[in-house]
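Residue-level structure breakdown
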Amino acid sequence: MKTPLLAFNEKGIYCAQADVYLDPWKPVKKAIISHGHADHARWGHQKYITHNSNVPIIKHRLGDIEVSGKEWNETFTINGVKFSLHPAGHIIGSSQIRVEYKGEVWVFTGDYKTEDDGVAVPYEPVKCHTFITECTFGLPAFKWTPQEHVMRDINTWWQQNKDDGKTSVLFGYSLGKAQRLLKHLDTSIGSIYTHGAIENMTEVLRPQVDFPETTRITKETKKEEIKGNIVLAPPSAHGSTWIRKMVPYVTASASGWMTFRGARRRRAIDKGFVLSDHCDWQGLLEAIKETGCEKVICTHGYTDIFSRFLREQGYDARTEDTQYEGETGQLESENEKESA
Amino acid sequence: MKAFAELIKTLDSTNKTTLKVEALTEYFRKAQPKDKVWTIAILSHRRPPRPVNTTLMREWASELAGIPLWLFEESYHIVGDLAETIALVIPRSEKSTEKSLNQFLQEIIDLKKKPDEEKKEYLFENWLNLNYYERFVFTKLITGSFRIGVSQKLMTRALSRATDIDEDILAYKMMGNWEPSKISFNKLILEEHEEDFLSKPYPFYLAYAIEDEPHSLGDVAEWSAEHKWDGIRAQVIIRNDELFVWSRGEELVTDKYPEFEDFVGPIPNGTVLDGEILPFPKGKIGTFKDLQTRIGRKNITKKLLEKTPVILKVYDILEWDGDDIRELAFEKRRDILERLYAEVSSEEFPLHLSETISFKNWQEAAAERENAREVMSEGLMLKRLDSPYLVGRKKGDWWKWKVEPLTIDAVLTYAMRGHGRRSNLFTDYTFGLWDEEKEELVTFAKAYSGLTDKEFRQLDAWIKRNTLERFGPVRSVTPHHVFEIAFEGIAESKRHKSGVATRFPRILRWRTDKKIEEANTLEELRALIP
């Protein structure tokens, strides 16, 4: 049997022909990175290759690393293997990684969503033979409402809280979700305040995207000035002493998990908005169809269920264990990072 | 229905009690009387009988959603709630209904008699024409009870605010057997009807667990102590030559305990007793496991009655000579009870007195508590001698002081995804103990509670990376983590592989300091069997 173009080993997704890893979870010599979330862009590789728009993000997160940036669709060849990056629509700078060798094409999605969120460069389908896909929300129970409607609900919620004399605290991951929310908040309602982790990341991204004005909450920020306005905070701020400054406040979280009635209650959050940076069920199915692939490898999420369904649809689908963790994982790693 | 769905949505979207009470009060002020009756019925778990079995509902829902049945089942397992799963997988609709809650419930009642084809048509019609939340509520009305963090107490508080009727009186009115489809709001809540009250129990007074050492309760002489019996809390009513037995869940269970028919006659009419139903095989108090052979049974056979008879361990009297005596001090009520007991008791009579014990000091009480397992009790109950019989769980006069649980160190062997609120985490665990040769881990208990949310997330991440095998929703994991498991009781069991059944096992501590070799053996667990 010939060696597959990409193989899953204990360090990550490995291309033996090019001696390069995609989103490895253990330190390696050369890594191509799909996007800046902590479970995909890890510390300790000798050399990083990623999209230009992701370079400032991973430099901000990982410090002084050796990284080379690429353009969309720019082909770079390593030992005869052709690599190129294509928009994944997940967050700013997120790419799918296309790998071609002797006419055989594989695409690794990293994380992706098919809806245009107005911040990340929208997802573009890439034709391939083998499609390595996430399936964080690979269950028919997940059906997203268009962003426009969700953002309208969020803005209505903010206005209502303001009318009730309360501050709105909205939780979203500091990279990705926070900027997506920020971009679409209605600034005619009030001002936008930010937690330090979100402000820092947004600062890094301002050269790339036009965001509304934000104010960092510091020790000097007066309680009275925040009242009735909206505060963007990472999920780890929930239940911390930091949040006491916002009293009286109402909390909300924007995540795909908010689909489940129980998820919101478990996190003891007042309101849940279903807004995800991953594909929903239909999104995944359509994306796979559009690639024209025959083989599908499911990496993280409801992999067993999703791959079984794909097999019934006639795909050669299987599951591989990785250390990517979808939305829960981001919560975990952000917790570590931000409490450190 | 629109207003009811909106109410459920509001209740569901807050964890704050004040907001829940506010929403309910508002609803009880504005809703149609008939809808109010149904709302009370539903929130107190009196839904109409299920008109369609859930197997059919799953089949039909997966058909309408255009997904294979196995995929529906997997989704259901992860979502954790059938109505919620159905509402999620069916194509979206933004439509809303003008029909009242009462109309829906009448239709659901009528549906039961209809042929399957008509049932299916009715469900499809509603599933497709209701928006997400109304669809969820509609399906929930058919499948089961609403678990939305609204206790009977909370509902009673809201109803009291909306009607200006005292909470205790409302609690009393809402107890017992009433048919929501036949009773009006006026009759159920607003009017007073003496004759309806024949079967009505009093709301139970529930004790809190003691927080620190009992000497914080003050002078031991102000307290009465007795053992805390491990059975079913029950209220036994004798009025008008009739017997009514109520369990704590406000369920009428008279038919399940025919032994107590003996009370009618010897015990005068107008008597209400509070006590514990206990199994009494071979003339001795049995274990809770013995009692379980009686609880779930619909037909109480003669054989079962002989094998596992029950007694009422009585500890309080709430009504005497037709008078509500709950306001009397505990010691006064006990005087009445003990006099009654002295008159009626005999060897065969299924009424036993829960003896009170007096102590010179709290040390003596502590020593008696240590003795609890010997006498088949769970610890001590402490009741203030001058306290009235209150309604619900109130702090101050009654305390339960349970004996420390039994504990053992076990190894995590399997994990399963949680249900409902824990559906995206592996939170249901199976634990094993070593066999004699310390070669194999034998499953002995499952536990779902006792870790913090943070620990659950940590362990979940570890499980995902250390899975050995997958069996549907269950994963076997590398034996690595040791947990201290606490449980209330232990008995021999033929149904368990380990040969032992534990009562109420839960995780006490994550023993990160222990290696799996240091976990206990099955032998050591067996040594704990009394």
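If you look chain B up in an unreviewed UniProt entry, it shows as DNA ligase (ATP) from Gramella jeungdoensis. Note on chain B: under the UniProt heading Catalytic activity (unreviewed entry), the record states "ATP + (deoxyribonucleotide)n-3'-hydroxyl + 5'-phospho-(deoxyribonucleotide)m = (deoxyribonucleotide)n+m + AMP + diphosphate."

The name given to chain A in an unreviewed UniProt entry is Ligase-associated DNA damage response exonuclease, and the organism recorded there is Gramella jeungdoensis.

Summing up its helical and strand segments, chain A has 9 helices and 19 strands in all. A compact globule built from 340 residues should have a C-alpha radius of gyration of about 20 Å, and chain A, at 20 Å, falls within 12% of that. Reported as C-alpha extents along the three principal axes, the dimensions of chain A are approximately 70 × 45 × 30 Å. Of all 340 residues assigned to chain A, the portion counted as buried reaches 52%. Residue pairs at least 24 apart in sequence account for 59% of intrachain contacts in chain A once pairs closer than 6 positions are excluded.

Turning to the overall build of chain B, a few remarks are in order. In terms of regular secondary structure, chain B is built from 18 helices and 21 strands. Taken along the three principal axes of its C-alpha coordinates, chain B extends 70 × 70 × 50 Å. Look at the contacts in chain B between residues 6 or more apart in sequence, and 71% of them connect residues 24 or more apart.

To continue, consider the pairing of strand 19 (residues 316-319) of chain A. Residue and element names in this part refer to chain A. Side chains Ala-317 and Thr-319 of strand 19 all project onto a buried face; the interleaved residues Asp-316 and Arg-318 project onto a face where none is buried. Relative to strand 19, strand 18 (residues 295-301) is paired through 4 bridges, and the arrangement is parallel. In the strand pairing of strand 19, Lys-295 is matched with Asp-316.

Assigned domains of chain B: these are domain 1 (2-143), domain 2 (205-402) and domain 3 (406-526). Computed over C-alpha atoms, the centres of domain 1 of chain B and domain 3 of chain B are 36 Å apart.

Residues and elements named next belong to chain B. Pairing geometry for strand 13 (residues 406-417) and strand 17 (residues 474-477), over 3 bridges, is antiparallel. Bridging from a neighbouring strand, Ala-415 pairs with Arg-475 of strand 17. Bridging between strand 16 (residues 467-471) and strand 17 involves 4 bridges; their strand directions are antiparallel. Along strand 17, the bridge assignment pairs Glu-469 with Ser-476.

So, on to the interface of chain A and chain B. Residue-level contacts link 22 residues of chain A with 27 residues of chain B. Contributing elements (two or more residues each) for the side of chain A that touches chain B: helix 6 (261-266), helix 8 (303-312) and helix 9 (326-339) of chain A. Among the elements that take part in the side of chain A that touches chain B, helix 6 of chain A stands out by supplying 5 residues, more than any other. Tallied by class, the residues present in the side of chain A that touches chain B amount to 9 nonpolar, 4 polar and 9 charged.

Let us now look at helix 1 (residues 2-12) of chain B. Of the positions making up helix 1 of chain B, those classed as buried are Phe-4, Ala-5, Leu-7, Ile-8, Leu-11 and Asp-12 of chain B. For helix 1 of chain B, the angular spread of the buried residues around the axis is 155 degrees, confining them to a single face.

This part covers the environment of Lys-438 of chain B. All names here are of chain B. Along the polypeptide, Lys-438 turns up in the loop between strand 14 (426-434) and strand 15 (441-447). Among the residues examined, Lys-438 registers 11 C-beta atoms within 10 Å and is labelled exposed. A sequence separation of 82 residues divides Lys-438 from Asn-520, and the C-alpha atoms of the two residues are 9.4 Å apart.

Now for the domain arrangement of chain A. All names here are of chain A. Domain annotation for chain A reports domain 1 (7-142 + 277-339) and domain 2 (147-273). Between the C-alpha centres of domain 1 and domain 2 there is a distance of 28 Å. Each side of the interface is counted separately: domain 1 has 24 residues, and domain 2 has 23 residues. Elements with a minimum of two residues in the side of domain 1 that touches domain 2: helix 1 (55-62) and helix 9. No other element matches the 7 residues that helix 9 contributes to the side of domain 1 that touches domain 2. In terms of residue class, the side of domain 1 that touches domain 2 is built from 9 nonpolar, 9 polar and 6 charged.

Moving on to the environment of Glu-320 of chain A. Residue and element names in this part refer to chain A. By the secondary structure assignment, Glu-320 is in the loop between strand 19 and helix 9. C-alpha separation for the pair Glu-320 and Lys-127, spaced 193 residues apart in sequence, amounts to 21 Å. Non-local contacts of Glu-320, meaning those with residues more than four positions away in its chain, are made with Phe-8, Ile-297 and Thr-299.

Let's shift gears to helix 8 of chain A. Among all positions of helix 8 of chain A, only Thr-303, Ile-305, Phe-306, Ser-307, Phe-309 and Leu-310 of chain A are buried. Where helix 8 of chain A is buried, its residues meet strand 11 (130-135), strand 18 and strand 19 of chain A together with helix 5 (69-79) of chain B. At the C-terminal side of helix 8 of chain A, Gly-314 of chain A shows a positive phi close to 100 degrees.

All names here are of chain A. If you walk across this open sheet you meet the 7 strands as 7-8-9-10-11-18-19, and the pairing is mixed. Here the strands that pair on one side only, and so sit at the sheet edges, are strand 7 (76-78) and strand 19. Each strand of the sheet is rotated relative to its neighbour by a mean of 25 degrees, with strand direction disregarded. Bridge analysis of strand 9 (residues 95-101) against strand 10 (residues 104-108) gives 5 bridges, and the strand direction is antiparallel. Bridge assignment links Arg-98 to a residue of strand 10, and that residue is Val-107. Sheet strands in contact with helix 7 (residues 281-291) are strand 10, strand 11 and strand 18, and its direction is about 170 degrees off that of strand 11. Those strands touched by helix 8 are strand 11, strand 18 and strand 19, and its axis lies near 160 degrees from that of strand 18.

Counting 146 residues, the largest nonpolar core has Leu-170, Val-231 and Leu-232 of chain A as its most contacted members. Top contributing element to this core by residue count: helix 3 (residues 33-43) of chain B, with 6 residues. Residues within four places of Leu-170 of chain A in sequence aside, it is in contact with Leu-181, Ile-230, Val-231, Leu-232, Ala-252 and Ala-254 of chain A. Ranked by size, the runner-up nonpolar core spans 41 residues in total, among them Ile-267, Ile-311, Leu-318 and Trp-399 of chain B.

Along the chain, the position of Asp-81 of chain B falls in the loop between helix 5 and helix 6 (82-89). C-beta crowding within 10 Å serves as the criterion here: with 23 such atoms nearby, Asp-81 of chain B is assigned to the buried category.

Before going further, it helps to examine the packing of helix 4 (residues 54-65) of chain B against helix 5 of chain B. Residue and element names in this part refer to chain B. The interhelical angle for the contact between helix 4 and helix 5, taken along N-to-C directions, is 110 degrees, at an axis separation of 9 Å. By the angle between their axes, helix 4 is roughly perpendicular relative to helix 5. Residue-level inspection shows Arg-58, Glu-59, Ala-61, Ser-62 and Ala-65 of helix 4 in contact with helix 5, the latter providing Leu-69, Phe-72 and Glu-73. Of the residues assigned to the contact of helix 4 with helix 5, the class counts are 4 nonpolar, 1 polar and 3 charged.

Before going further, it helps to examine the sheet that holds strand 4 (residues 30-32) of chain A. All names here are of chain A. Sheet architecture is open: 6 strands sit in the order 1-2-3-4-5-6, paired in mixed fashion. Two strands lie at the open edges of the sheet, namely strand 1 (7-8) and strand 6 (67-70), each paired on one side alone. Pairing analysis gives 2 bridges linking strand 1 to strand 2 (residues 13-15), with the strands arranged antiparallel. Bridging from a neighbouring strand, Ala-7 pairs with Tyr-14 of strand 2. The strands touched by helix 1 are strand 5 (47-51) and strand 6; relative to strand 6, the strand with the most contacts, the crossing angle is about 160 degrees.

Looking now at the confidence of the model for chain A. On average, residues of chain A score 92 in pLDDT, and 95% of them reach the 70 mark or higher. In the model, residues 328-340 of chain A has pLDDT below 50 throughout and makes 24 contacts with residues more than four positions away in sequence or in other chains.

Another aspect to go through is the packing of helix 3 (residues 177-184) of chain A against helix 4 (residues 196-205) of chain A. Relative orientation and spacing of two packed helices are given, respectively, by the angle between their axes and the distance between those axes. Residue and element names in this part refer to chain A. Running from N to C, helix 3 and helix 4 point in directions that differ by 75 degrees, and their axes come no closer than 10 Å. Compared by their axis directions, helix 3 and helix 4 come out roughly perpendicular. Side by side, helix 3 and helix 4 meet where Ala-178, Gln-179 and Leu-182 of the first sit next to Ile-198, Met-201, Thr-202 and Leu-205 of the second. For the contact of helix 3 with helix 4, the residue count by class is 5 nonpolar, 2 polar and no charged.

Scoring rules and cut-offs
- All chains use their own residue numbering, which begins from 1 and follows the written sequence.
- Chain letters and ligand numbers both follow the written order, the letters beginning at A and the numbers at 1.
- Two thresholds apply to this predicted model, a pLDDT of at least 70 for residue-level local features and 80 or more for giving and counting side-chain atom pairs, whereas whole-chain, interface and lining totals are computed over all residues.
- UniProt positions are given in the numbering used here, feature names are shortened, and annotations may be inferred rather than shown by experiment.
- In DSSP terms, a helix is any run of H or I states spanning at least four residues, a strand is any run of E spanning at least two, and both are numbered starting from the N terminus.
- We compute the radius of gyration over the C-alpha atoms and compare it with the globule rule, which gives 2.2 Å times the number of residues raised to the power 0.38.
- Counting other C-beta atoms within 10 Å of its own, a residue is labelled buried from 20 upward, exposed at 12 or fewer, and partly exposed in the gap between, with every C-beta atom placed from the backbone.
- Contact between two residues is assigned whenever their backbone-derived C-beta positions fall within 7 Å.
- Whether two strands pair comes down to DSSP finding at least two bridges between them.
- The domain limits used here are those given by an automatic or database domain assignment.
- In this classification, the charged set is Asp, Glu, Lys and Arg, the nonpolar set is Ala, Val, Leu, Ile, Met, Phe, Trp, Tyr, Cys and Pro, and all remaining amino acids, among them Gly, are polar.
- The arc under discussion is defined with respect to the helix axis, by the directions toward the C-beta atoms.
- Helix axes are fitted only over the stretch in contact, all axes being lines through C-alpha atoms; the angle between N-to-C directions runs from 0 to 180 degrees.
- The term nonpolar core refers to a set of buried Ala, Val, Leu, Ile, Met, Phe, Trp, Tyr and Cys residues connected through C-beta atoms within 7 Å.
- For classification purposes, an angle smaller than 35 degrees is called roughly parallel, one larger than 145 roughly antiparallel, one from 65 to 115 roughly perpendicular, and anything else oblique.
- On a range of 0 to 100, pLDDT expresses the predictor's confidence in each residue.

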